[in-house]
Amino acid sequence: EIVLTQSPEFQSVTPKEKVTITCRASQTIGSSLHWYQQKPDQSPKLLIKYASQSISGVPSRFSGSGSGTDFTLTINALEAEDAATYYCHQSSYLPHTFGQGTKLEIK
Amino acid sequence: QVQLVQSGAEVKKPGASVKVSCKASGYTFNGYYVHWVRQAPGQGLEWMGWINPNSGGTNYAQKFQGRVTMTRDTSISTAYMELTSLRSDDTAVYYCARFHSSSSTFDYWGQGTLVTVSS
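Residues numbered from 1 in each chain as written. Chains lettered and ligands numbered in written order. Predicted model: local features only at pLDDT ≥ 70, side-chain atom pairs only at ≥ 80, totals over all residues. Heavy atoms only, no water.

### Section: the overall build of chain A
Test applied: The helix and strand labels rest on DSSP assignments: H or I over at least four residues marks a helix, E over at least two residues marks a strand, and numbering proceeds from the N terminus. For every residue, the accessible area obtained with a 1.4 Å probe (protein chains only) is divided by the maximum for its type, and the residue is called buried under 20%, exposed over 50%, and partly exposed between those limits. Contacts are assigned to residue pairs that have any heavy atoms within 4.5 Å of one another. Accessible surface is estimated by sampling points in the Shrake-Rupley manner with a 1.4 Å probe; for residues, cover comes only from the protein chains shown. Under this rule, positive means Lys or Arg and negative means Asp or Glu; His and the chain ends count for nothing. Each charge is placed at NZ for Lys, CZ for Arg, CG for Asp and CD for Glu.
Looking only at helices and strands, one finds zero helices and eleven strands in chain A. N-terminal to C-terminal, the α/β element order of chain A is β-β-β-β-β-β-β-β-β-β-β. Its C-alpha atoms put chain A at 35 × 25 × 25 Å along the principal axes. Taking all 107 residues of chain A together, the buried fraction comes to 48%. Residue pairs in contact within chain A that sit at least 24 positions apart in sequence constitute 57% of those at least 6 positions apart. As displayed, chain A offers around 5,000 Å² of accessible surface, 45% of which is attributable to carbon and sulfur atoms. Looking at charge distribution, chain A has the averaged site of its 9 positive side-chain charges lying 6 Å from that of its 9 negative ones.

### Some remarks on the interface of chain A and chain B
Rules: As used here, buried area is the combined drop in accessible area, with a 1.4 Å probe, of two parts when they are placed together. Any carboxyl oxygen of Asp or Glu within 4 Å of a side-chain nitrogen of Lys or Arg constitutes a salt bridge here. Pairs of N or O atoms within 3.5 Å make up the polar contacts considered here, provided that, within protein, one atom can donate a hydrogen while the other can accept it, and that residues adjacent in sequence are counted only when both atoms are side-chain atoms. Only Asp, Glu, Lys and Arg are considered charged, only Ala, Val, Leu, Ile, Met, Phe, Trp, Tyr, Cys and Pro nonpolar, and every remaining residue, Gly among them, polar.
The interface is formed by 17 residues belonging to chain A together with 22 residues belonging to chain B. Here chain A packs against chain B, burying approximately 1,500 Å² in sum over the two surfaces, 65% of which is carbon and sulfur. When the buried area of chain A at its contact with chain B is split by residue, A:Pro44, A:His96 and A:Phe98 rank highest and sum to 34% of it. The interface formed by chain A and chain B contains zero salt bridges. Remark: the boundary between chain A and chain B carries nine residue pairs in polar contact (both at pLDDT 80 or more). Mapped onto the side of chain A that touches chain B, the elements with two or more residues apiece are strand 4 (33–38), strand 5 (45–49) and strand 9 (84–90) of chain A. Looking at the side of chain A that touches chain B element by element, the count peaks at three residues for strand 4 of chain A. Grouping the amino acids of the side of chain A that touches chain B by side-chain chemistry returns eight nonpolar, eight polar and one charged.

### Remarks on the pairing of strand 9 of chain A
All names here are of chain A. The following threshold applies: Note on pairing: two strands pair once DSSP finds at least 2 bridges between them.
By the criterion of burial, strand 9 is predominantly enclosed, with seven of the seven residues buried. The two faces of strand 9 match: Ala-84, Tyr-86, Cys-88 and Gln-90 on one face and Thr-85, Tyr-87 and His-89 on the other face are all buried. Sheet analysis places strand 4 next to strand 9, joined by six bridges and oriented antiparallel. Bridge pairing in strand 9 links Trp-35 to Cys-88. Relative to strand 11 (residues 102–106), strand 9 runs antiparallel, the two being bridged by three bridges. Bridge pairing links Tyr-86 to Thr-102 in strand 11. Bridge analysis of strand 9 against strand 10 (residues 97–98) gives two bridges, and the strand direction is antiparallel. The partner of Gln-90 across the bridge, within strand 10, is Thr-97.

### Notes on the pairing of strand 8 (residues 78–83) of chain B
Strand residues, when the strand is regular, have side chains that alternate between the two faces of the sheet. Residue and element names in this part refer to chain B. Burial analysis of strand 8 places five of its six residues in the buried class, which makes it a mostly covered element. Where strand 3 (residues 18–25) lies against strand 8, six bridges are found, and the strand directions are antiparallel. Its bridge partner lying in strand 8, Cys-22 is registered against Ala-79. Strand direction decides the pairing type here: strand 7 (residues 68–73) and strand 8, joined by six bridges, are antiparallel. Counted as the bridge partner of Thr-69 is Glu-82 from strand 8. Hairpin connection of strand 7 to strand 8: four residues between the antiparallel strands, including Ser-77 at a positive phi of 50°.

### Quick look at the side chain of A:Arg61
With respect to the helices, strands and loops of the structure, A:Arg61 is situated in the loop between strand 6 (53–54) and strand 7 (62–67). Polar side-chain contacts of A:Arg61 include one of 2.7 Å to the side chain of A:Asp82.

### Some points on the environment of B:Val37
Relative to the helices and strands, B:Val37 resides in strand 4 (residues 33–39). C-alpha separation for the pair B:Val37 and B:Asp89, spaced 52 residues apart in sequence, amounts to 15 Å. If near-sequence neighbours (up to four positions away) are discounted, B:Val37 is found in contact with A:Phe98, B:Leu45, B:Glu46, B:Trp47, B:Met48, B:Val93, B:Tyr94, B:Tyr95 and B:Trp109.

Any link to function would need more than the numbers given here.
Written out as C-alpha cells, the structure reads:
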C-alpha cells in the first residue's frame, strides 16, 4: 500500500499569506496525485488533479506541483474561506490512499 | 447537476450490520464507478472499495474484505454499501463518491452518512 505523508499536519496562517503543503509518497506514483479541501461538516472537494492540473471553478490561488514521490499544494494570497483540512490522494495503485491531512487555521 | 444523495444517520449495536444507500442523479449512473470512503471522528479519509455500476463488479480494501458488500440497483441509480459485524471503531461518516476515470479523481461526493456503533 502506498503511504502518503503530509506536512505540516497543522498550520496557523494569516490572510494574504502564501501557504505550502507537501505530500510525500512511499514509492513513485508518477503524477497520479490529487488534492482535496474539506471544510468542517462538509464533504471533500476536488482542488487539483494529476499533481498540477487545475479544476474548473477552483480559485486560481490554488496550484500544485511535483511528480514521482514529492508533491506540493500552494495557496497564494490565502483568504479566510480557505480555513479547512487539505488531503492528498493517490490513484496510481490500489488501494487508493490519502494523506493524513493538513489543517489550516486562519488567524 | 450531478448529485449523490445518501441515506440518513444510523445508530447500531456492536455486531449488527448497516446498509447505506447513495442515489445518483444528473449523469449516466452506469458510466462511472462509485467508491466508498469513510472518516472516523476527527480523523482522515479511508478508502473502502468500489463498485462498477455497469457490471456489478467490486473491489474492496483488504481491511474490509469479508465484512463489506457493495451492490447497486441500476433501475433507481442507487449504490449500496453494507458493513457487517460492526464494532465501535466503525463509527464514522461514510461517503460515496463518483470516480471520474479520465482524471482518476473523486469529482463528486455524497453528503455523508454518520454511522454510530454503540451499545
